[in-house]
Amino acid sequence: MPFRAVFWVGLAALALALPFIVLLSGERAAGTSFLWDFSMGLGFGALAAAGLQFVLTARFQPLTRAYGVDIVYLFHRYFAIGAVALMLGHFAILYIWFEEALGDLNPLTAEWELTAGRVALGAFVLLVITSEFRKTLRIPYEFWRYSHIALAVIAFGAAITHIIGVGHFTGEADKRILWLGVTVSWILILVWTRLIRPFRIWRNPWQVVENVSHHGGVHSLVFEPLGKPLRRWKPGQFVWLSLDATPFSAREHPFTISTPPEKGPRVTLSIKPLGDFTARAVQATPGTRAYLDGPYGTFSIDNDPEAKGFVMIAGGVGITPMMSNLHAMAERGDTRKVVLIYANQTWEGATFRDELAELEEAMTLTVVHVLEDPPEDWQGETGRIDQALLARHLPEDTRHCPHFLCGPEPMTHAAKTALLDMGVPLQVIDSEIFDFV
């Protein structure tokens, strides 16, 4: 795993450096200044960073296995902000010190290649704003997905058009080959993500065979493959679900597989109705057609085969990957000790509490329920997860065990901070990002 991670970082660094290696080769153009060249460098760097965004969101299995797709998507998010910052810097230097190079700002009368650059900048800025503030702006998820794809294609296409049209650093053959290669690579990634991969998924449909309701409004949908089953599926991983829609659409959401591989080839996804898609999903009836893209994720006990035990801290529906891992241990007769701390608002909202009670009888599992709003006769833990609570239930011999955290971000952040203060090494703490889309 470390080698894979270093390899992909090195490859990304090379991809970012390549434009500069090619562009700076040969003779430097006469009459330029450091500030001008710096502005051009910001522009080329921004385009290289923007191009990598398509790679980061293409869900290439070798890349996602190295980090986990949630981490890759998080990196995509912050890397996109950095790319836009470089673009704004490129434009700002030209606007302040080289205003004549910008020409007419009116898109109706400006030169087409300059207008293309401004279209690219506007589209990239709009991409970041709508992504960072989607919930604040109350943009429906599915509309955002479609608009995000459209804006990304328009922005990158306009940026390439701008660079080729302006012609700076593109006159020589090697420079033209560079931008041709960038454009072809971008088109190939689009073909893979929007045509080839959806076609492969479309050839292997699934159908709903059961819809089981649980405490807290959660429903477990059981899917049966009508084609090939999932390959190399580990407990704790997740899939992207398209329900009553083809995989060519953007109507897909990620859900953790709540059953272990030992129960395959059927796959169970446990879903809580928190939005339009999930509200429709929990009403799915047997026979409903579906498509699954996966598996993805590294949140699995299988990554620590030599561990002496595990600590799991979950909040709300974040219990789902824990259930998959626990069921896998039970199916395998795994006797290693597990401490599960499970936080919920109410006792009624504690999904899978009955299954957890059964698992406590079947394996070496200790479940600690934590309620913010407990019933009157409650005798267990109350409030929120903090260091004092963790110290009461996690003995010293668990400090170097793998710690799995999944739930709302404030909860996982507080738990992680408390664990670090208790002396738990950072490298044994694995946080599944609860909402990365």
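Residues numbered from 1 in each chain as written. Predicted model: local features only at pLDDT ≥ 70, side-chain atom pairs only at ≥ 80, totals over all residues. Heavy atoms only, no water.

J.: Provide a residue-level description of the sheet that holds strand β7 (residues 309-315), including the pertinent values.
T.: Sheet architecture is open: 6 strands sit in the order β10-β9-β8-β7-β11-β12, paired in parallel fashion. Of all the strands in the sheet, the pair left with one neighbour each is β10 (381-382) and β12 (429-432). Pairing of strand β9 (residues 365-371) with β10, which is carried by 2 bridges, proceeds in the parallel orientation. Residue pairing in the sheet places Leu371 in a bridge with Thr382 of β10. Sheet contacts for helix α11 (residues 353-362): β8 (337-344) and β9; angle to β9, the most-contacted strand, approximately 150°. Lying on the sheet, helix α13 (residues 409-421) is in contact with β7, β8, β11 (403-406) and β12; it crosses β11 at an angle near 155°. (Pairing = 2+ DSSP bridges. Helix = DSSP H or I, 4+ residues; strand = E, 2+ residues; numbered from the N terminus. Contact = heavy atoms within 4.5 Å. Axes fitted to C-alpha atoms, helices over the stretch in contact; angles between N-to-C directions.)

J.: Please provide a residue-by-residue account of the sheet that holds strand β1 (residues 206-213), values included.
T.: Spatial strand order, β4-β3-β6-β1-β2-β5: 6 strands in an open sheet with antiparallel pairing. Only two strands of the sheet have a single neighbouring strand rather than two, namely β4 (253-256) and β5 (267-271). Here the strands of the sheet are splayed against their neighbours by 40° on average, with no regard to which way each runs. Pairing between strand β2 (residues 219-225) and β5: 5 bridges, direction antiparallel. The partner of Ser220 across the bridge, within β5, is Ser270.

J.: Just give me the short version of α11, but keep the residues and values in it.
T.: Every buried residue belonging to α11 is among Arg353, Leu356 and Leu359, and all of these are buried. Buried residues of α11 fall within an arc of 110° about the axis and therefore sit on the same side. Opposite its buried face, α11 presents the exposed residues Glu358, Glu361 and Ala362, each directed more than 90 degrees away. (Buried < 20%, exposed > 50% of the residue type's maximum accessible area, 1.4 Å probe, protein only. Arc of directions from axis to C-beta.)

J.: Help me get a handle on the pattern of salt bridges, residues and values and all.
T.: Inspection of every chain in the model, using the stated rule, returns 16 salt bridges. Across the pair Glu132 and Arg77 runs a salt bridge whose closest N-O atoms are separated by 2.8 Å. Placement of the pair is Glu132 in helix α6 (residues 112-132) and Arg77 in helix α4 (residues 69-97), with a sequence separation of 55 residues. A relative accessible area of 28% means that Glu132 is categorised as partly exposed. The exposure class of Arg77 is partly exposed, given its relative accessible area of 37%. The residue Arg145 makes a salt bridge to Glu252 at a minimum N-O spacing of 3.2 Å. Here the residue Arg145 occupies a position in helix α7 (residues 141-166), and Glu252 occupies one in the loop between β3 (238-243) and β4, the gap between them amounting to 107 residues. (Salt bridge = Lys/Arg side-chain N within 4 Å of Asp/Glu carboxyl O.)

J.: Talk me through the nonpolar core; I want residue IDs and the actual numbers.
T.: In terms of nonpolar packing, the biggest core is built from 41 residues, with Leu47, Phe54, Met87, Leu94, Phe124, Phe156 and Trp179 touching the most fellow members. Looking at this core, the elements that each hand over two or more residues are α2 (34-56), α4, α6, α7 and α8 (173-202). Per-element accounting of this core gives the leading share, 11 residues, to α2. Core analysis: the second largest hydrophobic core is formed by 24 residues, Ile301, Ala307, Met329 and Phe352 among them. (Core = buried A, V, L, I, M, F, W, Y, C linked by side-chain atoms within 4.5 Å.)

J.: Got a sec to walk through the environment of Ala152? Specific residues and values, please.
T.: Among the structural elements, Ala152 can be located in helix α7. On the basis of relative accessibility, which here comes to 14%, the residue Ala152 falls in the buried class. In this structure, the C-alpha to C-alpha distance between Ala152 and Leu127, residues 25 residues apart in sequence, is 7.2 Å. The contact partners of Ala152, leaving out residues within four places of it in the chain, are Phe54 and Leu127.

J.: Break down the packing of aromatic side chains for me, citing the residues and quoting the values.
T.: All told, the structure shown has 16 aromatic pairs when counted by the stated rule. Judged by centre distance (5.5 Å) and plane angle (65°), the rings of Phe54 and Phe156 are edge-to-face. In this pair, Phe54 is assigned in helix α2 and Phe156 in helix α7, connecting sequence segments 102 residues apart. For Phe54, a relative accessible area of 11% translates into the label buried. For Phe156, a relative accessible area of 1% gives the class buried. Judged by centre distance (6.2 Å) and plane angle (40°), the rings of Phe238 and Tyr296 are tilted. Placement of Phe238 in strand β3 and of Tyr296 in strand β6 (residues 289-296) is noted, with a sequence separation of 58 residues between them. Residue class for Phe238 comes out buried when judged on its relative accessible area of 3%. By relative accessible area, Tyr296 is classed as buried at 2%. Over the ring of Trp240 we find Arg59, and its NZ or CZ is 3.8 Å from the ring centre. Taking the ring centre of Trp144 as reference, the NZ or CZ of Arg134 above it sits at 5.5 Å. (Phe/Tyr/Trp six-rings, centres within 6.5 Å; stacked < 30°, edge-to-face > 60°. Lys NZ or Arg CZ within 6 Å of the ring centre and 35° of its normal.)

J.: Before we move on, can you summarise the confidence of the model for the protein chain with the specific residues and values?
T.: For the protein chain, per-residue confidence averages 87 on the pLDDT scale, and 93% of positions sit at 70 or higher. Per-element confidence in the protein chain is highest for β8, whose mean pLDDT is 96, and lowest for helix α1 (residues 2-23), whose mean pLDDT is 73. (pLDDT = per-residue confidence, 0-100.)

J.: Could you give me a rundown of the pairing of β6, with the residues and numbers involved?
T.: Of all the 8 residues making up β6, 6 are buried; the element is thus mostly covered by neighbouring parts of the structure. As paired strands, β1 and β6 are joined by 2 bridges and run antiparallel to one another. Paired with Trp206 across the two strands is Ala290, which belongs to β6. Examined bridge by bridge, β3 and β6 share 5 bridges and lie antiparallel to one another. Within the sheet, the bridge partner assigned to Trp240 lies in β6 and is Asp293.

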